[in-house]
Amino acid sequence: ASIKKATEMEPASCLAHFHYGRILGKGPEAEAHLRTAVAIRPDWAEGYQTLGEVLLENGNFTDAKAAFDKSIAAQPKRGAAYLGLGKSLFALKDQAGSKKALLKAIELVPNLVDAYLLLADIEYADGDTDAALAALDKAKAMAPGVVRVYLRTGETYFRLGRYTSANSYLKQAVNLK
């Protein structure tokens, strides 16, 4: 409530709008406050990245892509912005663009587990099951105790008809919970 009050008392406060939008996390009010923050501070990489994340959450993939593009333009080595761009492009059915953005995200920040997981989905959809499994192996190496990595690996093996491997990974996921 105090951050909301700060946005009302100091409507030109970039940080008040940013933090209030970030705390809200989704919905039109969060989007409006983040748009205000980047309007006040137009070359702010973190502001655009956070706006992009909220737009993704809201299902506005085209505007999310634009926000991530602006974040990257402001700070070209921002790996998390490339991850968001990859997610946006994937949602917009641009798998080639998504893959390119995800690979850049991984190049900049090698431990972005979500980038590996989405990359595995793209590789699988493209029919390159070896590349999909390699991406999942990298995700497991980066996050050995993360349940969703083992679930995704088990699901992938299941879709490949490799039920023994699928069962093993799904059991590991259950044991990690």
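Presented here is a report on the structure given in the accompanying data block. (Residues numbered from 1 in each chain as written. Predicted model: local features only at pLDDT ≥ 70, side-chain atom pairs only at ≥ 80, totals over all residues. Heavy atoms only, no water.)

Let us now look at the overall build of the chain. Looking only at helices and strands, one finds 11 helices and 0 strands in the chain. Secondary structure elements in the chain, listed N-terminal to C-terminal, are α-α-α-α-α-α-α-α-α-α-α. Counting contacts in the chain only where the partners sit at least 6 residues apart, residues at least 24 apart contribute 44% of the total. Split by element, the accessible area of the chain, about 9,300 Å² in all, is 54% carbon and sulfur. With 23 positive and 20 negative side-chain charges, the chain shows a spacing of 3 Å between the two charge centroids. (Helix = DSSP H or I, 4+ residues; strand = E, 2+ residues; numbered from the N terminus. Contact = heavy atoms within 4.5 Å. Areas by Shrake-Rupley, 256 points an atom, 1.4 Å probe, with all protein chains shown as cover. Lys, Arg positive; Asp, Glu negative; His and termini not counted. Charge placed at Lys NZ, Arg CZ, Asp CG, Glu CD.)

Structurally, the position occupied by Gly145 is in the loop between helix H9 (129-142) and helix H10 (147-159). Residue classification places Gly145 among the partly exposed residues on the basis of a relative accessible area of 48%. Residues Gly145 and Val54, spaced 91 residues apart in sequence, show a C-alpha to C-alpha distance of 27 Å. (Buried < 20%, exposed > 50% of the residue type's maximum accessible area, 1.4 Å probe, protein only.)

Ranked by size, the top nonpolar core spans 46 residues in total, and within it Leu51 and Leu102 carry the most contacts. Sorting elements by how many residues they give to this core places helix H8 (residues 113-125) first, with 8 residues. The residues contacting Leu102, other than those within four sequence positions of it, are Leu83, Gly86, Ala115, Leu118, Leu119 and Ile122. (Core = buried A, V, L, I, M, F, W, Y, C linked by side-chain atoms within 4.5 Å.)

Here Ala120 lies in helix H8. You can call Ala120 buried: its relative accessible area is 3%. Along the primary structure Ala120 and Lys99 are separated by 21 residues, whereas in three dimensions their C-alpha atoms are 9.6 Å apart.

Bringing the packing of helix H3 (residues 27-40) against helix H4 (residues 45-58) into the picture now. For the pair H3 and H4, the least separation of the axes is 9 Å and the interaxial angle reads 160°. One element, H3, and the other, H4, form an angle in the roughly antiparallel class. Handedness of the crossing formed by H3 with H4: left-handed. Residues Gly27, Pro28, Ala30, Glu31, Leu34, Arg35 and Val38 of H3 form the contact with H4, whose participating residues are Gly47, Tyr48, Thr50, Leu51, Val54, Leu55 and Asn58. (Axes fitted to C-alpha atoms, helices over the stretch in contact; angles between N-to-C directions. Parallel < 35°, antiparallel > 145°, perpendicular 65-115°, else oblique. Left-handed = near helix turned anticlockwise from the far one by under 90°.)

Attention now moves to the packing of aromatic side chains. According to the stated counting rule, one finds 4 aromatic pairs in the structure shown. Between the aromatic rings of Phe18 and Trp44, the centroid separation amounts to 4.5 Å while the plane-to-plane angle is 50°, which identifies the pairing as tilted. With Phe18 in helix H2 (residues 14-24) and Trp44 in the loop between H3 and H4, this residue pair connects regions lying 26 residues apart in the sequence. Both residues of the pair, Phe18 and Trp44, count as buried. Judged by centre distance (6.1 Å) and plane angle (35°), the rings of Tyr150 and Tyr169 are tilted. Here Tyr169 lies in helix H11 (residues 163-176) and Tyr150 lies in helix H10, a separation of 19 residues in the sequence. With relative accessibility at 16%, the residue Tyr169 sits in the buried group. (Phe/Tyr/Trp six-rings, centres within 6.5 Å; stacked < 30°, edge-to-face > 60°.)

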